[in-house]
Amino acid sequence: MWPLVEVNKDNFEAEVLGSDLPVVVDLWGPQCGPCKALMPHVEKLAEEYAGRVKFCKLNVAENRRLVISLKVMSVPTFLFYRGGELVEKLTGDVTIEKIREAVESKLLA
């Protein structure tokens, strides 16, 4: 599997905002069942888009201040960045189809 890059307060700016590639950030929590259910599918998407889109994961329980600064109130949440700018946000009832659609329309279009 193509690994998801783990991001935190120390590397978020470099890995996400400074990335040459468009970025998907998967915000998840260890107590979030839907987050854990999505993770293997997100890993497959990361593999599918390898070299074109970077996929990162952010543990909300370990990065509360960063999560608050990103204005994320619940998980699962997916943030989509292009050129260091937030271009899309999916939260709540997120499906792999919605993530793929956002990647295609917001990051690769």
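You'll find the structure just up there.
Residues numbered from 1 in each chain as written. Predicted model: local features only at pLDDT ≥ 70, side-chain atom pairs only at ≥ 80, totals over all residues. Heavy atoms only, no water.

Some details on the overall build of the chain
And then number 1: Looking only at helices and strands, one finds four helices and five strands in the chain.
And then number 2: Written out in order from the N terminus, the α and β elements of the chain read β-α-β-α-β-α-β-β-α.
And then number 3: Relative to the compact-globule value of 13 Å for 109 residues, the chain shows a C-alpha radius of gyration of 12 Å, a close match.
And then number 4: In terms of overall dimensions, the chain has C-alpha extents of about 30 × 25 × 25 Å along its principal axes.
And then number 5: Counting across all 109 residues of the chain, residues that qualify as buried make up 44%.
And then number 6: Contacts in the chain between residues far apart in sequence, at least 24 positions, make up 66% of those at least 6 positions apart.
And then number 7: Total accessible area on the chain stands at roughly 6,100 Å², and carbon and sulfur atoms take up 52% of it. (Helix = DSSP H or I, 4+ residues; strand = E, 2+ residues; numbered from the N terminus. Rg over C-alpha atoms; globule rule 2.2 N^0.38 Å. Buried < 20%, exposed > 50% of the residue type's maximum accessible area, 1.4 Å probe, protein only. Contact = heavy atoms within 4.5 Å. Areas by Shrake-Rupley, 256 points an atom, 1.4 Å probe, with all protein chains shown as cover.)

With respect to the sheet that holds strand β2 (residues 23-28)
Each strand in a sheet pairs with another by means of backbone hydrogen bonds, the pair being arranged parallel or else antiparallel.
And then number 1: With mixed pairing, five strands are arranged side by side in an open sheet as β1-β3-β2-β4-β5. With partners counted over all chains shown, the strands left at the sheet margins are β1 (5-6) and β5 (85-91), one partner each.
And then number 2: Summarising the sheet, β2 and strand β3 (residues 54-59) pair through six bridges and their orientation is parallel. Across the sheet, the residue bridging to V24 is F55, located in β3.
And then number 3: Its contacts with the sheet place helix α2 (residues 33-48) against β2, β3 and β4 (77-82), and it is angled at close to 165 degrees to β2.
And then number 4: The sheet strands contacting helix α4 (residues 96-107) are β2, β3, β4 and β5, and the helix crosses β4 at an angle near 15 degrees. (Pairing = 2+ DSSP bridges. Axes fitted to C-alpha atoms, helices over the stretch in contact; angles between N-to-C directions.)

A closer look at α2
And then number 1: Between its first and last C-alpha, α2 extends 24 Å over 16 residues, near the 22 Å set by a 1.5 Å rise per residue.
And then number 2: By the largest-angle criterion, M39 marks the main kink of α2, which is about 35 degrees, and a proline, P40, follows within four residues.
And then number 3: When α2 is considered as a whole, its buried residues turn out to be C35, L38, M39, V42, L45 and A46.
And then number 4: Along its buried surface, α2 packs onto β2, β3, β4 and α4. (Expected span 1.5 Å × (residues − 1). Bend = angle between axes of the 7 residues up to and from the residue.)

A short note on the state of the cysteines
And then number 1: Tallied over the entire structure, the rule returns one disulfide.
And then number 2: The partner cysteine of C32 in its disulfide is C35, sulfur to sulfur 2.2 Å. Disulfide C32-C35: the torsion about the S-S bond is 80 degrees, which places it as right-handed. By the burial criterion, C32 is buried, and C35 matches it. (Disulfide = S-S within 2.5 Å.)

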